Structures are given as C-alpha cells and as structure tokens.
Amino acid sequence: MDALFLNVLDSTIRLSVPLIFAALAGLYSERSGIFDISLEGKMLIAAFASASAAAVTGSAYYGLLAGVLAAVAFALVHGLASITYRGNQIVSGVAINFIAAGLAIILGGAWFAQGGRTPPLSGAQRFGEITLPGAGALSGVPVLGPLYSGVVSGQNLLVYLAFAMVPVSWWVLFRTRFGLRLRAVGENPAAVDTAGVSVPWLRYRAVIICGVLTGFAGTYIAIAQAAGFNRDMTAGKGFIALAALIFAKWKPVPVMFACLLFGFLDAFAIRAQNITLPLIGQVPPQAIQALPYVLTVVLLAGFIGKAIPPKAGGVPYVKER
Amino acid sequence: MSRPYVPLPGWINHGLIPLVNVAVAFLVAGLVVLAVGESPVEAARLMLRGAFGYSEGFGFTLYYTTNFILTGLAVAVAFHGGLFNIGGEGQVYLGGLGVALVALNLDGTFPWWVNLPLAILASAAFGALWALIPAVLQARRGSHIVITTIMFNFIASALMVYLIVGPLRPVGTMQPESRRFLEGGQLPKLGPLFERFGLDLGGAPLNVTFFVALLAAFLVWVLIWRTRLGYEIRTLGFSPSAARYAGMSQVRLVVIIMLISGGLAGMMALNPVMGDQYRLQIDFPAGAGFVGIAVALMGRGHPAGIVPAALLFGVLYQGGAELAFDMPAISRDMIVIIQGLVILFAGALENMLRPGIGAAFQAVRFRSPRAGGVEGRA
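As the structure is a prediction and not an experimental result, all values here were calculated from the model.

J.: Looking at this model, I keep getting lost on the overall build of chain A. Mind explaining?
T.: A count of helical and extended segments in chain A gives 13 helices and four strands. In terms of C-alpha radius of gyration, chain A reaches 20 Å, essentially the compact-globule figure of 20 Å for 321 residues. Its C-alpha atoms give chain A principal-axis dimensions of roughly 70 × 50 × 40 Å. Per-residue burial over chain A gives 57% buried out of 321 residues. The contacts of chain A with a sequence gap of at least 6 include a subset with a gap of at least 24, amounting to 77%.

In structure tokens, the structure reads:
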C-alpha cells in the first residue's frame, strides 16, 4: 500500500469532516424551506467560541458545548429574521456571516489580546486521536491492515461523529414522523399547516439542528483539526459545504460522497502544486481549488443531472386568513 | 405573527423605518463596543474626527465612498429587478482585469483622459461578462442566481490569483502584482481641485472616479425611474407574473439587469487600480462588493439614498481605521460587525419594528384632528 495514497486518503477524511457537518446542517435547514448561506458564519463563530472556552476551561468538551451554543444562538437570529419576521433569508444569511466574522476578531482581541487569535491549545483542550482496538495488531495485514490502522483508526471523536451523522440524518429525515413533516414543510407549508402542524415550530427546530451541526463543524476546525482559533480559519468551507449540498441534491448519503470528493480535491490541491495532465498540460493549483465551485455551477445549469431545491425554499410562510 | 402589515405612508416606509432600523443597528454595535470595555460615545467621536476632522481624512472618506456608491448601485439595480446579485466582489475583481489590460497596453501611448473612457468601458465589460453567465443560467435554466454568483466569486478569486501570480507578474519580481502603470494609466487625484477651496487633501487617494460614481448614480436614477426599460425592470421585480402577462421577456430582462449590475460593480475597480495603486494587486476589492449590499439596503435602492449610505460607510471605513489607532481594543473589524448589523436590521429584520411603528402612527393619526386622506398619498 502506497504511503502517499494512505496519506491523501487520511487528509481527505480530515478535510471532509467539517464539510459533512456543515452540509448536513444545511440539509436540515433547506429541507424545511429555510435557505442558509450563513453556514460559514456559524462555523466561524463556533470555532471561535469553542477555542475560547477550551482555552479558559481546559476542556475540549466545554469547548464543544460553547461552540454549539454560539452557533445555535446565531441560528436563532436567522430563524427570527426568516421565520418570525418573514425577512429575506439571503439577506439574513449575509448579515450573519459578517457579524460572526467581525465579532470573533473583536471579542478575541479583547479577551486574549493576541490580535484576534486564541491562545494555542494542547492536551485535554483538544480532541485527541482515538486508537481503535486492534489497530496495532492488524497493521501487518496487507491492504486492510494499513487502511484500518492508518486511516480508520487514529481519528478524533468528531470524525467518527460526522460519519455517524450521515445514516442518522437519513433515518431522521426519511424514517421518522418529524422527518416527514420537515420535508413536507419545505415543499408545501400550507399543507402542513392545514394538517394542524405548526410551520414556524417545525422550521425553528430545523434551524436549531442546523445550528448544532455547524457548531460541531466549527469546533472540529478550531480544536480538533487546528490548535486554536485564527482569523478567517473557515476559509470558505461553509460555501463549499453549500456547494456539496446542492451537488448531492439535498440527500444525506450523496452529501457525504460530495463532501469526500471536495475534501479529496482540497487534499490533492495542497499536495500537488503543479500537476501535469496528459493532453491538457500543466494545471495550476488555482484550477483545482476552483473545481468544486465550477462543478456546482455546471450542475446547477442542469448539464450533469438536475438539482431541484425544496419547492418552498427561501419563501416565508404567511398563514392564510 | 401572520397579521398582514398595515399600509403606511411613504415617508414612514422609506424614511422613518429605515432610519430607525439603522439606528438600532448602531445601538447594538454600541453594545459590542461596551462589551469590549470601551465607551461607544468616545468611539463614535473618534470615528467622526477621523473621517471629517481634517481634510486628508475627509479625502480618504470620499475615496471609500466612491467604491461604495458603485457597488451599492450594482446591488440596487439587481434588487429592482427582483434579483440578488451577491457576486459584486467577483465582478469588481474581473473589472480590475479590464482596467489593467487597458492601462498596461496603452499607458505609454495615450494620456489618462483618453484611457479613462476606455478603462470605464473595459471594466464595465469585464464586470458585466462575469455577471452574464449567472444571468443566463438563471434566465434560461433556472439556476438560483444567489448560489451561482457566490460560486462565481470564488471562481473569480482563483482565476485572478492565477493571472496576477502568473501571466501578469513582471519577470524577475516575487511580488504578486502587475507592473506599475505609467503616467497614462494613472487617474489624476482631486487634491489640486480641493486646494482651490482651501482644503489640503494631503496623500488622500481621492481621484476622478468620484465623479464617475456620481454620474453613475444619476444615470441609474434616470434608468430606473425615467425610462421604459426601468419600468420593465421594476415590473419584473414587483411581480414576475405581471411582467410576463404584459409581454415582457423575462430572459431578456434578467440578462440586461445583470449586465448593468455587473458593469457597475466592475467600474468600481477604476478607483483602487487606476486611481490609487496604479497596479493590479491580489484581493484589491477587499470586501467592497459586499458593502454594496448594506449600502443598497440602507439606501432603499434609490440613488438619493445610496449616495448618503455610501458616505456613511466611507466614514466607517476611514474613521474605523483611525479608531483602531486610538482604541487598541477595537480593530477595523468593528466595521464588519456594523456592516452585518446594518444588513440584518435594515434588510432581514425590517419587519420587526414595522408593526410597532405602524401602531404608533395609527394612534397618533386617529387622535389628531387632521386625520384621513393619508392612505391616498401612500
């Protein structure tokens, strides 16, 4: 088994984890009819809150709690604007991205006086690697051994949680009553209302789940992947997750594969600075970085299948009188 | 919650409510300043002094205002047609390529006043081109324009980094930027003009693009409220089905609206590229495309509102830079928060205070003896 191959596979998984959390977050929100372009902002504020709490309390779990609470708070602002006050969901999302970006730096600067960074974290302040049972013993087995010990084992708790969230989300959305109603409210809120189910409360629950999951995503970036908060550390991942969500046509399992694909492109672009392809010649790294966005546009244009968003997405629901 | 909002007279809808919303945004921003442990009043005083207190600062304020007028108009034109152009940032970036291509090729051949119109055309054309693809995809294939323009921002960024680091970088330098433009590629500063009025702008980069922006604001007003095309744009924005029944081609209108919007955004590149830095640099739009959203929302899509809103953001940018010197706890990122709060309260939460203000207005109206006839004027 090639060491480089294992290495790329390992970083593909690490780079996909925040995308999976964020894209699933968007999945709940958009399936309920609330467009969310503020995944980026919620991840960023969660990254900041988790790193701050971990630095102060010394525990990664308090960090996770703070990250989730911060993201849920921002999600509730989005809910207030787009559900209760029937505002423009895109405008609200843009606003949240700005407020999160500014607030993280201002508060970070005031609390830690390190130019917006949090202090470097170590030990129990971070989510460490978990060695799965038998990883050492199996590493000698050809093919499966290195794969198990080098890729599957040795990840942190949040990585396993992210991949566990994929079947869980599928089950919640497609096998529970709540999931059925959630999908219905994104397609035809009037029908759900007629059935006597509260449209706002359903949508608020979806938005809160979205907050929790973006909280996981931000926490992963700040205290599992990295060791502390940095300015702009989410670096457009929220938008890549949005792209993955569209690419996966708003379905949980395809979401995972789209995120793995985009994570792979990212891992590939970091390693291969100058790639030469046959017939095309040298490919600049910027072209690979732009590929997820280009693919999404091509998909949206309907050239590779059709991406059909939930019908009531982006439209505030006004009860009939 | 689902009570329909009472119709209110125009001066409340377009004057009082936006003003109150913006005031709330600033109050919340003041709370953030308090949370950081500084005085909001003192911060506001320092900001105003930095922006207006001396003439060089004022020059910087107007320089930023120029950027925001153009990006604000770009967002507003799209809004009137019911489209959300979130891709201003990418369109500005590509507009910069247009400016640079004109300047790099003609800066030794022609004087600036020949190059300026060419650069305006090139920047508008490149910005419009970058908005054209999302527009066609929206009009013909129904792809959501918000998503495609976001994606195009990232694609523009990757493309421009490639061009600036690669083909446009002069041989033998490591700086990621194009070569410096010669004299023909440098727009004159307005310093000498202001000196006649006794104002010394010092090193402020305010340049003739300021007048281009004001002219653009006037032309946008003419376009939207005084032409047939503007009427069609507003019809489409107000009710797409009405526009369709009236026989207007939605495809044609969407494409035209986005071309105008992208062109306006692209023209913004004149200000930093040809008016200040005299070279194409990485990340020169620096978020101005997004400020345009706040400016357009605050100005209610009308040039008469957009110009003062752009001035306010010019004050925030210039004053904020000075504030960061005097109050170490506050960095320039305070502006980003204020911008977000303005977008939130003036845009997304604009309905929050409406019922309250409406009820207060009704209470006052029914008590005053001159009641009645107000609806007619609204």
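J.: Would you take a moment to explain the state of the cysteines for this structure?
T.: All names here are of chain A. Applying the stated criterion across every chain, the model contains zero disulfides over all chains. Here Cys210 stays free of any disulfide, with the sulfur of Cys259 as its closest cysteine sulfur at 14 Å. Residue class for Cys210 comes out buried when judged on its relative accessible area of 1%.

J.: Mind showing me how you'd approach the UniProt feature "transmembrane region" (unreviewed entry) in chain B here?
T.: Residues and elements named next belong to chain B. Under the UniProt annotation, "transmembrane region" (unreviewed entry) lies at residues 12-37, 57-78, 112-133, 145-165, 204-224, 251-270, 290-317 and 329-349. What you have in residues 290-317 is 86% helix and 0% strand, and the ends, taken at the C-alpha atoms, are 13 Å apart. Helix and strand shares over residues 329-349 are 76% and 0% respectively, and the end C-alpha atoms of the span are 29 Å apart.

J.: Please clarify how the interface of chain A and chain B should be interpreted in this entry.
T.: When the parts of a complex come together, some accessible area is lost, and that lost area is often used as the size of the interface. Residue-level contacts link 46 residues of chain A with 42 residues of chain B. In this assembly, chain A packs against chain B so that about 3,900 Å² is buried in total across both faces, 79% of it on carbon and sulfur atoms. At the boundary of chain A with chain B, the tally comes to one salt bridge. Residue Asp333 of chain B pairs with Arg231 of chain A through a salt bridge whose shortest N-O separation is 2.8 Å. Applying the counting rule to chain A against chain B returns four residue pairs in polar contact (both at pLDDT 80 or more). Breaking the side of chain A that touches chain B down by element, the ones donating at least two residues are helix H3 (60-84), helix H4 (89-112), helix H11 (237-247) and helix H13 (285-300) of chain A. Ranked by the residues each element gives to the side of chain A that touches chain B, the list is headed by H4 of chain A, at 14 residues. Each residue belonging to the side of chain A that touches chain B can be placed in one class, and the counts come to 32 nonpolar, nine polar and five charged.

J.: Help me understand the UniProt feature "transmembrane region" (unreviewed entry) in chain A in this model?
T.: In this numbering, the UniProt entry assigns the feature "transmembrane region" (unreviewed entry) to residues 12-29, 64-83, 90-113, 157-174, 206-227 and 239-269 of chain A. Secondary structure across residues 90-113 of chain A divides into 96% helix and 0% strand, with the first and last C-alpha atoms of the span separated by 34 Å.

J.: Explain the confidence of the model for chain B to me, please; I cannot follow it from the model alone.
T.: Predicted coordinates in regions of low pLDDT should not be interpreted in detail. All names here are of chain B. On average, residues of chain B score 89 in pLDDT, and 96% of them are at 70 or above. Within the model, pLDDT remains below 50 along residues 371-378, and this stretch shows nine contacts once partners closer than five positions in the same chain are excluded. Our summary of model confidence lists the complex with pTM equal to 0.89 and ipTM equal to 0.90.

J.: What should I look at first to understand the nonpolar core in this one?
T.: Nonpolar side chains tend to gather and get buried jointly when the protein is soluble and globular. Membership of the largest hydrophobic core comes to 210 residues, with the highest contact counts inside it found for Phe21 and Phe229 of chain A together with Phe68, Ile86, Phe313 and Ile343 of chain B. In terms of residue count, H4 of chain A provides more of this core than any other element does, 13 residues in total. If we ignore the near neighbours within four places in the chain, the residues touching Phe21 of chain A are Leu158, Leu161, Ala162, Met165, Leu213, Phe216 and Ala217 of chain A.

J.: Please clarify how the environment of Leu101 of chain B should be interpreted in this entry.
T.: Residue and element names in this part refer to chain B. Secondary-structure assignment places Leu101 in helix H4 (residues 88-106). By relative accessible area, Leu101 is classed as partly exposed at 34%. Note: C-alpha distance between Leu101 and Arg180 (79 residues apart in sequence) is 12 Å.

J.: It is not clear to me how helix H12 (residues 270-277) of chain B should be interpreted in this structure. Could you clarify?
T.: Three- or four-residue spacings in an α-helix give side chains the same orientation, since the helix completes a turn every 3.6 residues. Residue and element names in this part refer to chain B. A large share of H12 lies buried, amounting to six of its eight residues. The complete set of buried residues in H12 reads Leu270, Asn271, Pro272, Val273, Met274 and Gly275. Looking at the buried residues of H12, the elements they touch are helix H3 (55-80), H4, helix H5 (112-141), helix H8 (209-226) and helix H11 (250-267). Taken from the residues just after H12, Tyr278 is the one with a positive phi, measuring 55°.

J.: Help me understand the environment of Ala23 of chain A, please; the structure alone is not making it clear to me.
T.: Residue and element names in this part refer to chain A. With respect to the element layout, Ala23 can be found in helix H1 (residues 3-31). By relative accessible area, which is 0% here, Ala23 ends up buried. Each C-alpha atom, one on Ala23 and one on Ala248, is 9.5 Å from the other, the two residues being 225 residues apart in sequence. Discounting residues that sit within four places of it in the chain, Ala23 has contacts with Ala241, Leu245, Val255 and Cys259.

J.: How do you make sense of the packing of aromatic side chains when you look at a structure like this?
T.: To describe a pair of aromatic rings, one takes the distance between the centres and the angle between the planes. Evaluated as defined, the whole model comprises 20 aromatic pairs over all chains. A network of ring pairs unites the aromatic residues Phe48, Trp111, Phe112 and Phe229 of chain A as a single cluster.

J.: Help me understand the packing of H11 of chain A against H13 of chain A in this model?
T.: The angle between the axes and the distance between the axes are what describe a pair of packed helices. Residue and element names in this part refer to chain A. Where H11 contacts H13, the axes come no closer than 9 Å and their chain directions differ by 35°. The way H11 lies across H13 gives a crossing that is left-handed. On H13, the residues that touch Ile240, Ala243, Ile246 and Phe247 of H11 are Pro292, Tyr293, Leu295, Thr296, Leu299 and Leu300. By residue class, the composition of the contact of H11 with H13 is nine nonpolar, one polar and no charged.

Analysis parameters
Within any chain, residue numbers begin from 1 and follow the written order of that chain's sequence. Chains and ligands are labelled sequentially in the order written, the chains with letters from A and the ligands with numbers from 1. This being a predicted model, a pLDDT of at least 70 is required before a residue's local features are given, and a value of 80 or more before pairs of side-chain atoms are given or counted; all residues contribute to the totals for chains, interfaces and linings. Side-chain measures here rest on the full set of heavy atoms in the structure, leaving out hydrogens and waters. Runs of E in the DSSP output that reach at least two residues are strands. Runs of H or I that reach at least four are helices, and both are numbered from the N terminus. Our radius of gyration is a C-alpha quantity, and the globule rule it is checked against amounts to 2.2 Å times the number of residues to the power 0.38. Under the scheme applied here, a residue whose accessible area is under 20% of the maximum for its type counts as buried, over 50% as exposed, and between as partly exposed, the area being computed with a 1.4 Å probe on protein chains only. Here a residue-residue contact requires only that any non-hydrogen atoms of the pair lie within 4.5 Å. What counts as a disulfide here is a pair of cysteine sulfur atoms lying within 2.5 Å. UniProt positions are given in the numbering used here, feature names are shortened, and annotations may be inferred rather than shown by experiment. Defined here as a combined quantity, buried area equals the accessible surface (1.4 Å probe) lost by two parts on assembly, summed across both. What counts as a salt bridge is simple: a side-chain nitrogen of Lys or Arg found within 4 Å of a carboxyl oxygen of Asp or Glu. In protein, a polar contact means a hydrogen-donor-capable atom and an acceptor-capable atom, both N or O and within 3.5 Å, with residues adjacent in sequence counting only if both atoms are side-chain atoms; elsewhere, any N or O pair within 3.5 Å suffices. Gly is placed with the polar residues, together with every amino acid not listed as nonpolar (Ala, Val, Leu, Ile, Met, Phe, Trp, Tyr, Cys and Pro) or charged (Asp, Glu, Lys and Arg). The quantity known as pLDDT measures the predictor's confidence residue by residue, on a range of 0 to 100. Nonpolar core, defined: a set of buried Ala, Val, Leu, Ile, Met, Phe, Trp, Tyr and Cys residues in which side-chain atoms within 4.5 Å join the residues together. Pairing of aromatic rings covers Phe, Tyr and the six-membered ring of Trp, with a centre-to-centre limit of 6.5 Å; geometry is then stacked below 30 degrees between planes, edge-to-face above 60, and tilted otherwise. Whenever a helix is involved, its axis is fitted only over the stretch in contact; in every case the axis is a line through C-alpha atoms, and angles between N-to-C directions fall within 0 to 180 degrees. Helix crossings get a hand from a simple test, with the near helix turned counterclockwise from the far one by less than a right angle marking a left-handed crossing and a clockwise turn marking a right-handed one.

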